[in-house]
Amino acid sequence: MGRMTRRAFTVAALSTLAMGPAAPGRARPRVQAGEMRGMWIATVANRDWPSAPGLTAARQRDELITLLDLAVRRRLNTVFLQVRPTADALWPSSYEPWSAWLTGTQGQNPGWDPLGTALKEAHARGLQLHAWFNPYRVANHTDPSRLVPAHPARRHPDWVVPYGGKLYYNPGLPEVRAFVQDAILDAVKKYAVDAVHFDDYFYPYPVPGQTFDDDAAYDRHGAGFPSRGAWRRDNIDKLVRETAARIAQVRPGTEFGISPFGVWRNAATDPLGSDTRAGVQTYDDLYADTRKWVRGGWIDYLVPQLYWNIGFADADYAELLPWWAETARGSRTRLYLGEALYKAGDPAQPAAWQDPAELSRHLTLARKYPQARGHVFFSAREVAADRAGAMARVVADHYAQPVPPPA
């Protein structure tokens, strides 16, 4: 499922010739068979697609096809399409309303099936499609009355916690965890997606001066845990393990992968951690024990978001890459690396990101570590615009020929 057909591979190979050879003098490293080359397509706030809410179905479809064709031209092999950005759906869901990012009105039928179309068109081009779900974010505001009346968050207001200007489902409630899985599995039952993909949002990122109010849930369900943090991590562990088991039951062969914030813990916090000084640690702040998931082989792949340049003092890409490679060594969990293409050429970023070769150096470094099986770029808008030429440099230096993703 999701592998390149002979025809699709030929089409992709021809696109390689159309793009021309690499610049003179640039090395063409050997490409291992089975390499992740992906890009995220974010739909929340219309970041990547569709370009605005309320476009016609034909225009939305055309924009989507343009992004899939872009992936082929850039010799990528996988797209990560965000299909549940804010407790809503980009398919006719039995559990949640149509996404407002499509029509501008939550619950309004867009007149076509975005996920079904994306899957069909991606496979026709030899691309895998990983359906990207955000588990707990309900809305980018704190007013439940702005949700459609039948929204589960309005029918179950006790499930919802306002925090940091947004609404979240409470991960500490078993009924919430079951519902989130049901909503996700609805898509897996209806579509032969190549993978289910989670991003980095579990418990929300900390907001100074604010408290995530899960007191009542902790009182009911936290007995036997040494701390609230341990209970929260157990809640996320259960989400991950149960989701993996249910995917395998509903559609065997469909993978499950997660893309967390790139720092598990700093070494100053835990000697098993990385030599970093990151302000956020997934274990302590998002209550996601990502190292455990990899070491235990709970998931098929992990894509830590290594969104820093080589030499960055607080979180050096050249430090985090070997740390994650060592974490993945001997595990069944494949390691891919999340790349911050969005930073390339941004004048607000450090000087390293003004160099079009920065990302190419990331890929060169990664080839020293056999556990690193590829890269995923954030995100489609930047793959298209490529304002600093960083993506073109990656393609010229490393993507000489199309290859399938790891099997």
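**Looking at helix H4 (residues 114-124)**
Along an α-helix, residues three or four apart share an orientation, since each turn contains 3.6 residues. When you tally the buried positions in H4, you get 8 out of 11 residues, the bulk of the element. The complete set of buried residues in H4 reads Pro-114, Leu-115, Gly-116, Thr-117, Ala-118, Leu-119, Glu-121 and Ala-122. At the C-terminal side of H4, Gly-126 shows a positive phi close to 75°.

**Overview of the sheet that holds strand S7 (residues 195-198)**
If you trace the 8 strands once around the closed barrel, you get S1-S2-S3-S7-S8-S9-S10-S11, paired in parallel fashion. Against the sheet, H4 makes contact with strand S2 (78-84) and strand S3 (128-133), and its axis sits at roughly 150° relative to S3, the strand it touches most. Set on the sheet, helix H11 (residues 317-328) makes contact with strand S9 (301-302), strand S10 (334-339) and strand S11 (372-377); between it and S10 the angle comes to about 160°.

**Concerning helix H14 (residues 390-398)**
Among the 9 residues that make up H14, 7 are buried, leaving the element largely enclosed by the rest of the structure. Along H14, the residues that are buried comprise Ala-390, Met-391, Val-394, Val-395, Ala-396, Asp-397 and His-398.

**Things to note about the pairing of S11**
Burial runs high along S11: 5 of the 6 residues are buried. Bridge count between strand S1 (residues 36-41) and S11: 4 bridges; the pairing is parallel. Bridged to Arg-37 within S11 is His-375. As judged from the 4 bridges shared by S10 and S11, these two strands associate in the parallel manner. Its bridge partner being in S11, Glu-339 is matched across the sheet by Phe-377.

**Side note on the sheet that holds strand S6 (residues 166-169)**
The antiparallel open sheet is built from 3 strands, whose spatial order is S4-S6-S5. The open sheet has two edge strands with one neighbour each: strand S4 (137-139) and strand S5 (160-163). The average angle at which neighbouring strand axes cross in this sheet is 35°, direction not considered. Pairing between S5 and S6: 4 bridges, direction antiparallel. Its bridge partner being in S6, Tyr-163 is matched across the sheet by Lys-166.

**Examining the confidence of the model for the chain**
For the chain, the mean per-residue pLDDT works out to 93, and 92% of the residues sit at or above 70. Under a pLDDT of 50 for its full length, residues 1-32 has, in the predicted model, 53 contacts with residues more than four places off or in other chains.

**Notes on the nonpolar core**
One finds Tyr-169 and Phe-377 to be the most contacted residues of the largest nonpolar core, which totals 119 residues. Not counting residues up to four positions away in its chain, the partners in contact with Phe-377 are Gly-38, Met-39, Trp-40, Leu-76, Glu-339, Leu-341, Leu-359, Leu-363, Val-383, Met-391, Val-394 and Tyr-399.

Cut-offs applied
Residues numbered from 1 in each chain as written. Predicted model: local features only at pLDDT ≥ 70, side-chain atom pairs only at ≥ 80, totals over all residues. Heavy atoms only, no water. Buried < 20%, exposed > 50% of the residue type's maximum accessible area, 1.4 Å probe, protein only. Helix = DSSP H or I, 4+ residues; strand = E, 2+ residues; numbered from the N terminus. Pairing = 2+ DSSP bridges. Contact = heavy atoms within 4.5 Å. Axes fitted to C-alpha atoms, helices over the stretch in contact; angles between N-to-C directions. pLDDT = per-residue confidence, 0-100. Core = buried A, V, L, I, M, F, W, Y, C linked by side-chain atoms within 4.5 Å.

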